[in-house]
Structures are given as C-alpha cells and as structure tokens.
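Secondary and tertiary structure notes
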Amino acid sequence: MPTPVSAPRLALIAAVADLVLVLVFVLIGRGSHEEGFTLLGTLNTAWPFEVGLALGWLVSRAWREPLSMRRAALPVWASTVVIGVLLRALSGQGVAVSFVIVTLLVLAAFLFGWRALAGLVVTRRNRRAAQ
C-alpha cells in the first residue's frame, strides 16, 4: 500500500505544480507567437504571472488545503490572472482582450485541472485503503 503524502510535502508539490504550469502557459504562448525560447524572454513574460501566483498562495494560504478548489485553486487562479495581467500592463507588455481571455481559460484549465486529477487519485487511494 502506498504511503500517504505529508501535508508539508503535498503543499510543496502543489506549489511546484502551479509554478511549472504557469511556466508551461508562458512557453506555449511564446511558442504560438513565434517568440521562441530564450531564458530572458521567458523570464520577462513569466514574472508578472509568477508574482500573481505567489501572492495568491500567500493571501489564500493555499498550503493549508492545496488541493481545494475553493480555498486554493480559485484564489490562486484569480490572483495569477488579475495580478499577472495588471503587472504585465504596467511593465509595458501587451494585454489585448484576446490575450486576457486565453489567459483566463488556459490558467483555469491548468490550475483547476491538475487539482481535479489529483483529487481523483486521492479518492481512489482512500477507497482502496478502506477495503
């Protein structure tokens, strides 16, 4: 039987998953606009969203229930999008309406999606352990 994941370890895994998925979002966006991959270009595009992500984690205290849709995914997603778009605009980067819509949808799919999958895995594990 697999050993359960400790709460601090789960929070760390969740934070890393969010961080990586925001980077994936940035890389997909840069690739679709033929900006390619450069470290500085990627960091320049990513930092507003990573700041929004970090603030979302802090304000919501997502580490307490990192798989929760209401207490983690929703505030982290909203903060990542809102703060990310605002910082992007303030730093002189583009924020067309179509970009904002794509940002809302893709980050929702990523930040809610992995938690939904993880929730299914945890539920299955718990059912098996109870048998």
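Attention here is on the structure that accompanies the text. Fair warning: this is a prediction, and the values are worked out from it, not measured in the lab.

So, helix 1 (residues 7-32)
- Helix length check: helix 1, at 26 residues, gives a terminal C-alpha distance of 37 Å against a target of 38 Å (1.5 Å per residue), a fit within 8%.
- The elements touched by buried residues of helix 1 are helix 2 (39-60), helix 3 (69-90) and helix 4 (97-130).
- Positive backbone phi, at 55°, marks Glu34, one or two positions downstream of helix 1.

A short note on unusual backbone geometry
- Phi angles above zero are rare outside glycine, and Arg61 is one such case at about 55°.
- On the accessibility criterion, Arg61 (40% relative accessible area) is partly exposed.

Notes on the packing of aromatic side chains
- Counted by the stated rule, this structure contains 3 aromatic pairs.
- Geometrically, the ring pair formed by Phe49 and Phe99 is tilted, given 6.2 Å between the ring centres and 55° between the ring planes. Here Phe49 is found in helix 2, whereas its partner Phe99 is found in helix 4, with 50 residues between them in sequence.
- The interplanar angle of 65° and the centroid separation of 5.7 Å between the aromatic rings of Trp77 and Phe112 together place this pair among those described as edge-to-face. Placement of the pair is Trp77 in helix 3 and Phe112 in helix 4, with a sequence separation of 35 residues.
- The buried category is assigned to Trp77, whose relative accessible area is 19%.
- Ring pairs connect the aromatic residues Phe25, Phe49 and Phe99, which therefore count as one cluster.
- Positioned above the aromatic ring of Phe99 is the side chain of Arg88, whose terminal nitrogen or guanidinium carbon lies 4.4 Å from the ring centre.

Calculation criteria
Residues numbered from 1 in each chain as written. Predicted model: local features only at pLDDT ≥ 70, side-chain atom pairs only at ≥ 80, totals over all residues. Heavy atoms only, no water. Helix = DSSP H or I, 4+ residues; strand = E, 2+ residues; numbered from the N terminus. Expected span 1.5 Å × (residues − 1). Contact = heavy atoms within 4.5 Å. Buried < 20%, exposed > 50% of the residue type's maximum accessible area, 1.4 Å probe, protein only. Phe/Tyr/Trp six-rings, centres within 6.5 Å; stacked < 30°, edge-to-face > 60°. Lys NZ or Arg CZ within 6 Å of the ring centre and 35° of its normal.

By themselves, these are just geometric observations and shouldn't be taken as functional.
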